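# Observations on the three-dimensional arrangement
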Amino acid sequence: MTSVEPTVAELGELGIISSVVCPPRHSSTVLGAGDDSAVVTARGDRAVVSTDILVEGEHFRLDWSDPHSIGRRAIAQNAADIEAMGAHPTGYVVAIAAPRDTPAHIITGIGQGTVAEAHRSGADVVGGDFSSAQQIVICVTALGQIIEPVHAPVLQSGARPGDIVAIAGTLGWSAAGLDILSGTFGTQEKFLHHALVEHACDLYRCPRPPYGYGARAAADGATAMTDVSDGLLLDLYHIARHSQEKLGEELRLQSEHIPAVGETVTLTFNLSTEQVFAAAGESLAELAALCAERVAQRDSGREIVRTWILSGGEDHGLVATFPAGTELPGGFRQIGVVETVVATNDSSFISIDGSEVSTVGGWESFNHVTQY
């Protein structure tokens, strides 16, 4: 006789919780799930906190990803925000809403995925909530702490002229997986089972932030940092804009050239194409060439891989700036330098090989793709 799997409503909130909750594994957890609130350590009376939300159909699809991967992704993108501050994750609170007729294994699978990725990041899921909704919604609040030798969070506003721009983690792979799963390059079975294609799809389903690298960068003097979530160029644009605002008149004083009336001094991130492509790796270029063949593109996929790298996002690696002359911490690769440009009009915050980038595109929640 075939058994009928219970729905979320039939299993009930306590049933779902009991299938997900497990004893804490990490010393940062003082009190785990089960009470009105969890207790996690926050040395120096400072906690780093970030919240993110994933909505079915907007941020994930059940026909593209298994529930466990969706849960892992929900934690990974929140953990990356903690890492980007130079902090260590200490705990996560997860809220999940779903239609009442959702098969229970989907929600328990998502929950178990959040637990698994939380453990990978070095912390626990310490609580949360369940509710009904018209579609599956996952909300994660991540907590973190700053641990010596780091004494202060690394902000997006600290980049300075002469700084090295560097990246850690994967670059361009998530965007490649999204393109592939969207059917951009066809659905031939042989193509979809190619090792590089499967790897890209896996990294889209569940990105792999470089855990521990944020604190390492902070300890080695990172001046600014963020995770690559909206696209490399757009995330660098945010760092440059915030740093420009903070520097203000200081940039003018540091410049060898005193601007004339009507001129402005602009902080510019000058990226090296060679270094950016090298940071992404030859395997991504190989995948792009394979995809280019599928759509009869003649440039060996160079434009495809360029788009993945510069505008794709959702890899959740870390991009940071370091003072000139710094020996980069292990795992970080240089992709450019921070410069100042004196101009008579509004200059771009981003340039590539010395050429100004006039349009910076990337992800924006309500427009999907935004441009600056």
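Note that the structure is a prediction, hence the values are computed from the model and not measured. (Residues numbered from 1 in each chain as written. Predicted model: local features only at pLDDT ≥ 70, side-chain atom pairs only at ≥ 80, totals over all residues. Heavy atoms only, no water.)

### Things to note about the packing of aromatic side chains
Here is the rule: Side-chain rings of Phe, Tyr and Trp (the six-membered ring for Trp) are treated as a pair once their centres are within 6.5 Å; stacked means planes under 30 degrees apart, edge-to-face means over 60, and tilted covers the remaining angles. Segments assigned H or I by DSSP are reported as helices when at least four residues long, segments assigned E as strands when at least two residues long, and all are numbered from the N terminus. A 1.4 Å probe rolled over the protein chains alone gives each residue an accessible area, and that area as a share of the maximum for its type sets the label: buried under 20%, exposed over 50%, partly exposed in between.
Throughout the structure, instances matching the rule amount to 5 aromatic pairs. For the ring pair Tyr213 and Phe332, a centre distance of 6.3 Å and an interplane angle of 40° mean the geometry is tilted. Here Phe332 lies in the loop between strand 10 (318-322) and strand 11 (333-343) and Tyr213 lies in helix 7 (residues 213-219), a separation of 119 residues in the sequence. With centroids separated by 5.5 Å and ring planes inclined at 75°, the aromatic side chains of Phe322 and Phe332 adopt a geometry described as edge-to-face. Of this pair, Phe322 sits in strand 10 while Phe332 sits in the loop between strand 10 and strand 11, and the two are 10 residues apart along the sequence. Residue class for Phe322 comes out buried when judged on its relative accessible area of 0%. The structure contains a cluster of three or more aromatic residues connected by ring pairs, namely Tyr213, Phe322 and Phe332.

### Describing helix 4 (residues 173-181)
For the record, the criterion: Whether two residues are in contact is decided by their heavy atoms, any of which lying within 4.5 Å being enough.
With 7 of 9 residues buried, helix 4 is to be regarded as a mostly interior element. When helix 4 is considered as a whole, its buried residues turn out to be Trp173, Ser174, Ala175, Ala176, Gly177, Ile180 and Leu181. Turning to helix 4, the residues buried within the fold contact helix 5 (189-192), helix 6 (195-205), helix 10 (273-280), helix 11 (282-294) and helix 12 (302-311). Backbone geometry just after helix 4 places Gly183 at a positive phi near 85°.

### Topic: the nonpolar core
Inclusion rule: The criterion is simple. A nonpolar core is a set of buried Ala, Val, Leu, Ile, Met, Phe, Trp, Tyr and Cys residues joined through side-chain atoms within 4.5 Å.
Counting residues in hydrophobic clusters, the biggest one holds 53 residues, and the most contacted among them are Leu232, Leu287 and Trp308. Per-element accounting of this core gives the leading share, 8 residues, to helix 8 (residues 232-247). Beyond its immediate stretch of four places on either side in the chain, Leu287 contacts Trp173, Ala176, Ile180, Leu196, Val197, Ala200 and Trp308. Counting residues in hydrophobic clusters, the runner-up holds 41 residues, among them Ile75, Ala98, Ile136 and Ile146.

### Observations concerning the pairing of strand 8 (residues 224-227)
Along any regular strand, the residues point their side chains to alternate faces of the sheet. This is how the line gets drawn: Two strands form a pair only when DSSP identifies at least two bridges running between them.
Going residue by residue along strand 8, you find Ala224 and Thr226 tucked away on one face and Met225 and Asp227 tucked away on the opposite face as well. With 4 bridges connecting them, strand 8 and strand 10 associate as antiparallel partners. The residue bridging Ala224 from the neighbouring strand is Thr321, located in strand 10.

### Looking at the sheet that holds strand 3 (residues 48-55)
Rules: Axis definition: a line fitted to C-alpha atoms, limited for helices to the stretch in contact. Angles are taken between N-to-C directions and run from 0 to 180 degrees.
If you walk across this open sheet you meet the 4 strands as 3-6-4-5, and the pairing is mixed. Two strands close off the open sheet at either side, each with one partner strand: strand 3 and strand 5 (125-132). Here the strands of the sheet are splayed against their neighbours by 15° on average, with no regard to which way each runs. Across the sheet, helix 3 (residues 104-121) lies against strand 4 (88-98), strand 5 and strand 6 (137-145), angled at about 170° from strand 4, the strand it touches most.

### Digging into unusual backbone geometry
Cis geometry marks the peptide bond from Glu148 to Pro149; its omega dihedral reads 15°. Within the fold, Pro149 resides in the loop between strand 6 and strand 7 (164-168). At Glu314, a residue that is not glycine, the phi angle is positive and equals roughly 65°. As for its placement among the helices and strands, Glu314 is situated in the loop between helix 12 and strand 10. If you check the backbone angles, Asp353 has positive phi at about 55° while not being a glycine. In this fold, Asp353 is placed in the loop between strand 12 (350-352) and strand 13 (355-356).

Interpretation note: all reported values are geometric properties and have no functional meaning in isolation.
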